[in-house]
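What follows is the residue order along each chain.
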Amino acid sequence: MEINFAGRMLTMSRCYVMGILNVTPDSFSDGGKFNAPDAALARAREMVVDGATFIDVGGESTRPGAQPVSVAEELDRVCPVVEAIARELDTIISVDTSAPEVMAEAARLGAGMINDVRALQRAGAPEAAAAADIPVCLMHIQGEPDSMQDNPAYRNVRRDVSSFLTERMRVVEAAGVRSEHIILDPGFGFGKRLEHNIELLASLEQLHILGHPLLVGISRKSMLGQITGHDVNERLPASLAAATIAAMKGASIIRAHDVRETADAVRVVAAMKEAGR
Ligand code: PT1
C-alpha cells in the first residue's frame with residue numbers, strides 16, 4: 001500500500017519516524033524552546049538529519065489538562081513554521097491541528113499531511129481535509145484534552161476504539177476524504193487509563209483489520225512513567241521499547257521526540273522483518 005503525501009510516495013509496509021515539533025509556549029517536554037520560526041526550523045532540520053521522514057508541527061498542546069487555543073493564535077504559531085520548513089527542508093510536513101482554518105492554510109503553504117487528535121470532529125474539518133486533498137490521521141480520543149483523564153471508562157477499549165475509528169472514517173469519507181488518504185491512530189494517553197493503553201498496545205496488530213496504515217504516538221507519555229516510575233525526561237529507554245513493539249506490530253509511522261534513537265529502533269525491526277520474509 002502506497003500513500004501520496006503531497007507528491008512524496010511512501011510505501012506503508014515500512015515504518016517511518018515522525019519528529020515532534022511543538023510550537024506552543026507550554027509544550028510538555030521541550031520547555032517551549034522552539035517558538036520562534038528560526039529555532040523551530042533548526043530543530044526540524046536536526047530531526048530530518050536524524051532520520052525523521054515527517055515533521056509534525058503542532059500549535060495546540062493536547063497533553064492531559066491542556067487548554068484549547070484560539071484559531072488565530074494557532075495560525076500565528078503554525079503558519080510561519082510550516083512555510084519555513086516547506087521552503088528549506090526536504091521532508092513531509094504534518095500539521096497537528098483540529099481547526100479547519102489551520103488545515104486549509106497549512107496545506108496551502110505546503111503541508112503534506114493533516115494529523116488531527118480529534119479525528120476531524122470539529123465543524124468543517126472533514127470538508128477542509130477533503131479540500132486539502134492530502135492524507136489525514138484520524139486519532140481516537142475520549143473527551144477533550146482539558147478533562148480527558150478525569151475518569152476514562154470503556155465497556156471494551158479495543159472494540160470502542162475500533163468502532164469510533166470506523167464511524168469517523170464513514171463520516172469523513174462521506175464529506176469527500178479519500179479512503180486511500182486515511183491513517184488511523186488508537187490515541188495513546190487520550191482519555192485512557194494505564195490498563196487501556198497497555199491493552200491497545202498489546203493488541204495493536206488487530207487494528208490492521210480496519211485496512212489502513214497505523215500511526216502511533218507513545219514517546220515520553222505518562223503511561224511510560226506509570227510503568228517505569230521515571231520522570232518525563234528519563235523515559236527514552238521506555239519510549240524506545242514502546243516504539244519497537246509498535247513497529248513489530250506493523251505501525252507505519254512512529255511519532256517521537258527522540259528521532260535519532262527511534263530511527264535506530266525502527267531500523268532493527270526492519271532488518272529483522274526483512275530476514276523473516
Ligand atoms: C498521538 C499524539 C498526537 N500525541 C497523534 N497525534 C500528542 N496522531 C499529540 C501523556 O499521557 O499519540 N497521536 N499529537 C501528545 N499528546 C499527549 C497525550 C502527550 C498524553 C502526553 C500524554 O503524558
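Refer to the preceding data block for the structure.
What you see is a predicted model; the values in this text were computed from it and never measured. (Residues numbered from 1 in each chain as written. Predicted model: local features only at pLDDT ≥ 70, side-chain atom pairs only at ≥ 80, totals over all residues. Heavy atoms only, no water.)

### Some details on the site of the ligand
Then step 1. As a matter of local geometry, the ligand sits amid 16 residues, with D96, N115, D185, K221 and S222 nearest to it.
Then step 2. Between the ligand and D185, the relevant distance is 2.6 Å, taken from a nitrogen atom to a side-chain nitrogen or oxygen of the residue.
Then step 3. K221 places a polar side-chain atom, nitrogen or oxygen, 2.7 Å from an oxygen atom of the ligand.
Then step 4. Expressed as a share of its isolated accessible area of 500 Å², the protein-covered part of the ligand is 95%.
Then step 5. Going through the elements one at a time, β7 (136-139) and β9 (215-217) are the ones with two or more residues in the shell around the ligand.
Then step 6. For the shell around the ligand, a count of residues per class yields six nonpolar, five polar and five charged. (Near = heavy atom within 4 Å. Polar contact = N/O pair within 3.5 Å; in protein donor to acceptor, adjacent residues only side chain to side chain. Areas by Shrake-Rupley, 256 points an atom, 1.4 Å probe, with all protein chains shown as cover. Helix = DSSP H or I, 4+ residues; strand = E, 2+ residues; numbered from the N terminus. Nonpolar A, V, L, I, M, F, W, Y, C, P; charged D, E, K, R; others polar.)

### Focus on helix α4 (residues 125-132)
Then step 1. Those residues of α4 that sit buried are A125, P126, A128, A129 and A130.
Then step 2. Positive backbone phi, approximately 55°, marks D133, located one or two places after α4. (Buried < 20%, exposed > 50% of the residue type's maximum accessible area, 1.4 Å probe, protein only.)

### What to know about the pattern of salt bridges
Then step 1. This model, assessed by the stated rule, comprises 17 salt bridges.
Then step 2. Bridged by salt links that share partners, the residues R45, R87 and E88 form one connected network. (Salt bridge = Lys/Arg side-chain N within 4 Å of Asp/Glu carboxyl O.)

### With respect to the side chain of H181
Then step 1. Considering the arrangement of structural elements, one finds H181 in the loop between α5 (157-174) and β8 (182-185).
Then step 2. When residues no more than four places from it in sequence are discounted, the contact partners of H181 are N4, D133, I134, P135 and V136. (Contact = heavy atoms within 4.5 Å.)

### Considerations on the sheet that holds strand β4 (residues 52-58)
Then step 1. Strands sit in the order β8-β7-β6-β5-β4-β3-β10-β9 across an open sheet of eight strands; the sheet is parallel. Edge positions in the sheet fall to β8 and β9, since each has one partner strand and no second. Direction aside, the axes of adjacent strands within the sheet are offset by 25° on average.
Then step 2. Two elements, strand β3 (residues 16-22) and strand β10 (residues 253-256), share four bridges in a ladder whose sense is parallel. (Pairing = 2+ DSSP bridges. Axes fitted to C-alpha atoms, helices over the stretch in contact; angles between N-to-C directions.)

### Some points on the pairing of strand β6 (residues 113-116)
Then step 1. Here β6 shows two buried faces, one formed by M113 and N115 and the other by I114 and D116.
Then step 2. You can see the chain leave strand β5 (residues 92-96), run along helix α3 (residues 100-109) and come back into β6, and the turn it takes is right-handed.
Then step 3. Here β6 runs beside β7; their pairing, made up of three bridges, is parallel. Note that in β7 the partner of D116 across the bridge is L138.
Then step 4. This β-α-β element, β6 to α4 to β7, shows right-handed connectivity. (Right-handed = clockwise from strand over helix to strand, strands pointing away.)

Taken by themselves, the reported measurements are silent on function.
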